[in-house]
Amino acid sequence: MLHIERLSRAYRVRRLTEEDTAQILTLCRSNPLYYRHCGTEPSEADIRQDMTLLPPGAAPEDKYFLGYFHGDRLAAVLDLIDGYPSAETAYIGLFMVDGRFSGQGIGSRLVEELLEELKTAGFSRVRLAYQKANPQSTRFWTKNGFQPVEEKPRNMSQKAMINGMTSMLSTG
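All values derive from a computational prediction rather than experimental measurement.

## As for helix H4 (residues 106-120)
Link 1 in the chain: In a regular helix each residue adds 1.5 Å, so 15 residues correspond to 21 Å; H4 covers 21 Å between its end C-alpha atoms and thus fits that length.
Link 2 in the chain: Ile106, Gly107, Ser108, Leu110, Val111, Glu113, Leu114, Leu115, Glu117 and Leu118 are the residues of H4 that are buried.

Structure follows, in structure tokens:
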């Protein structure tokens, strides 16, 4: 079982709801490079969809759409799937830090704390997908211990856009 209150020592972490959509949109808009690589702009409708979007075989209770708050200010968003694609794996669907905090090490600290808690919760692996064309994302995840893995695209357009990465959580 994942204890979301343990995901950060410096930020208050809680599940995000539709009432948080405006703050999430502001955070997303602070990261225009990410959306440039996606070929889209963030919208409230997309955010509401992301709050419930699940990969095949995952159940709603496996999804954690979380916000990291500093006071009342949303500092980061995490979309995490518990036990996907296998029971010992956690899947990061999205991790985004407010662009105003970029380059301060906040994202890396949050990922470090996340990986520690996932290991404590019994996970042995963390997977994610990222935009191939986004070198900033590639550098961030590699710096934080993730390694590229071969992904089997569901369609040809996905093959050109998405790569996978994984991080093994050591047991020692």
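Let's pick the thread back up.
## With respect to the nonpolar core
Link 1 in the chain: One finds Tyr68, Leu80, Ile92, Phe95, Leu118, Trp141 and Phe146 to be the most contacted residues of the largest nonpolar core, which totals 32 residues.
Link 2 in the chain: For this core, the secondary-structure elements that each account for two or more residues are strand E2 (63-70), strand E3 (73-82), strand E4 (89-97), H4, strand E5 (125-131) and helix H5 (135-143).
Link 3 in the chain: In terms of residue count, H4 provides more of this core than any other element does, six residues in total.
Link 4 in the chain: When neighbours within four sequence positions are excluded, Trp141 is seen to be in contact with Ile92, Phe95, Val111, Leu128, Phe146 and Met165.
Link 5 in the chain: Listed in part, the 14 residues of the second largest apolar core include Met51, Phe65, Leu74 and Val77.

## With respect to the pairing of E4
Link 1 in the chain: Most of E4 sits inside the fold, with seven of its nine residues counted as buried.
Link 2 in the chain: The pairing of E3 with E4 spans seven bridges and is classified as antiparallel. Each bridged residue has a counterpart across the sheet, and for Leu80 the counterpart in E4 is Ile92.
Link 3 in the chain: Connecting E3 to the next strand, E4, in antiparallel fashion are six residues, including Gly83 with a positive phi near 75 degrees.
Link 4 in the chain: Taken together, the four bridges between E4 and E5 define a ladder with parallel strand orientation.

Calculation notes
- Residues numbered from 1 in each chain as written.
- Predicted model: local features only at pLDDT ≥ 70, side-chain atom pairs only at ≥ 80, totals over all residues.
- Heavy atoms only, no water.
- Helix = DSSP H or I, 4+ residues; strand = E, 2+ residues; numbered from the N terminus.
- Expected span 1.5 Å × (residues − 1).
- Buried < 20%, exposed > 50% of the residue type's maximum accessible area, 1.4 Å probe, protein only.
- Core = buried A, V, L, I, M, F, W, Y, C linked by side-chain atoms within 4.5 Å.
- Contact = heavy atoms within 4.5 Å.
- Pairing = 2+ DSSP bridges.

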